[in-house]
Amino acid sequence: MPTTKNELATLEANNITAWFGERQVLSNVSLLMPAGVITSLIGPSGCGKSTFLRILNRMHELVPSASLAGEVKLDGHDIYDPSRKITEARRDIGMVFQKPNPFPAMSIYDNVIAGLKLTGIEADRDTKDELVQTSLERAGLWKEVKNRLRAPGGGLSGGQQQRLCIARSLAVKPRVLLMDEPCSALDPTSTRVIEETMLELVEDVTIVIVTHNMQQAQRVSQQCAFFLASQGTPGVIVEHGDTEAMFGSPLDPRTNDYVNGRFG
């Protein structure tokens, strides 16, 4: 279904419970991720944030022992509905990983359009040219690479590689972009550029980001969800809501302790 640029998507997770084999990692997690908003998922390591993120675009099921219960709705339609193709879910809901993962030997140009073939999108040369430029512009990388589009993607700096991965995700025109600690491997300057890119992208792409950086969560997100897993128990959302309220006057003392660096 063709999507106009400004048709913003709402993502909703209802009663998500997840396992790896016998080990339960999430319990009854529900979260509304509104259209055109950056939602940050915070919490200590091992509380299920990245698992939850992967469930949002059906990457969890790539792990052989993984299973889940609950539903994920994109504009009211469950992405796990048996009639819905997995490629459709992954096209609508893109993912940017913690470590930049461009195809190193592939050119910058070919990296950007790599997702087209994977998602079955056909395009002529002019369309591809325009898509490469638009995607790189939106990812904040065009000015730096426009004169070397045939150079290998692996030759870029870490921050540039991450923006190339963002451009690759944007080329298939996702409606939601999931980002799993996208700045954790980057220097402060590159981090600032990625954050500025996110704030520009959210005008037409709904964004969900996992971050361990509390300052980053405050800088970029309008909504926040705090995940926690007590010893031996699966992860749950302790509290979620407006980012300023979560950091300024959280309702749960555990949230207060975490955002103020007392644990985690």
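Let us look at the structure shown here.

All right, on to helix α6 (residues 158–171) then. With 14 residues, α6 should cover 20 Å at 1.5 Å per step; its first-to-last C-alpha distance of 20 Å lies within 8% of that length. In terms of burial, α6 is largely enclosed, as 13 of its 14 residues are buried. In the segment just after α6, K173 is the residue with positive phi, at about 55 degrees.

Moving on, we come to the packing of helix α3 (residues 108–118) against α6. For the pair α3 and α6, the least separation of the axes is 7 Å and the interaxial angle reads 40 degrees. Considering the relative orientation of α3 and α6, their crossing is right-handed. Of α6, the residues touching α3 (which contributes I108, N111, V112, A114 and L116) are L164, A167, R168 and A171. Broken down by class, the residue content of the contact of α3 with α6 amounts to 7 nonpolar, 1 polar and 1 charged.

We now examine the sheet that holds strand β8 (residues 206–210). Within the open sheet, the 6 strands sit side by side as β6-β7-β8-β3-β9-β10. Their pairing is mixed. Two strands in the sheet have a free side with no partner beyond their single neighbour: β6 (93–96) and β10 (236–242). On average, adjacent strands in this sheet sit at an angle of 15 degrees to one another, irrespective of strand direction. The pairing of strand β3 (residues 38–42) with β8 spans 4 bridges and is classified as parallel. In the sheet register, I38 faces β8, and the bridge partner there is I207.

Considering only enclosed or pocket space, the second largest pocket measures out at about 540 Å³ in volume. Lining the second largest pocket are 21 residues, with R90, M95, G115, L118 and R168 sitting closest to its centre. Where the lining of the second largest pocket is concerned, the elements lending two or more residues are α2 (86–92), β6, α3 and α6. Element by element, the count of residues in the lining of the second largest pocket is highest for β6, at 4 residues. In terms of residue class, the lining of the second largest pocket is made up of 11 nonpolar, 7 polar and 3 charged.

Before going further, it helps to examine the nonpolar core. Counting residues in each nonpolar core, the largest one holds 34 residues, and the members touching the most others are L136, L149, I166, L177, M179, M198 and I207. Residue assignment for this core shows that the elements contributing at least two residues are α3, α4 (125–138), α5 (142–145), α6, β7 (176–180), α7 (188–201) and β8. Residues contacting I166, with those up to four places away along its chain left out, are V96, A139, L177, M179, I194 and L201.

Overall, antiparallel pairing links the 4 strands, which are arranged β2-β1-β4-β5 in an open sheet. Among the strands making up the open sheet, the edge pair consists of β2 (23–33) and β5 (77–78). As paired strands, strand β1 (residues 11–20) and strand β4 (residues 66–74) are joined by 8 bridges and run antiparallel to one another. Paired with A18 across the two strands is L68, which belongs to β4.

What follows covers α7. For α7, built from 14 residues, the straight-helix expectation of 20 Å at 1.5 Å per residue is met to within 8% by its first-to-last C-alpha distance of 20 Å. Where α7 is buried, its residues touch β3, α4, α6, β7, β8 and α8 (214–220). Two or three places before T189, at the opening of α7, D187 has a side-chain oxygen 3.0 Å from that residue's backbone nitrogen.

What counts and how
- Residues numbered from 1 in each chain as written.
- Predicted model: local features only at pLDDT ≥ 70, side-chain atom pairs only at ≥ 80, totals over all residues.
- Heavy atoms only, no water.
- Helix = DSSP H or I, 4+ residues; strand = E, 2+ residues; numbered from the N terminus.
- Expected span 1.5 Å × (residues − 1).
- Buried < 20%, exposed > 50% of the residue type's maximum accessible area, 1.4 Å probe, protein only.
- Axes fitted to C-alpha atoms, helices over the stretch in contact; angles between N-to-C directions.
- Left-handed = near helix turned anticlockwise from the far one by under 90°.
- Contact = heavy atoms within 4.5 Å.
- Nonpolar A, V, L, I, M, F, W, Y, C, P; charged D, E, K, R; others polar.
- Pairing = 2+ DSSP bridges.
- 1 Å grid on protein atoms, 1.4 Å probe; cavity = no way out; pocket = protein on both sides within 12 Å on 5 of 7 lines; lining within 4 Å.
- Points joined across faces, edges and corners; volume = space filled by probe spheres on them.
- Core = buried A, V, L, I, M, F, W, Y, C linked by side-chain atoms within 4.5 Å.
- Polar contact = N/O pair within 3.5 Å; in protein donor to acceptor, adjacent residues only side chain to side chain.

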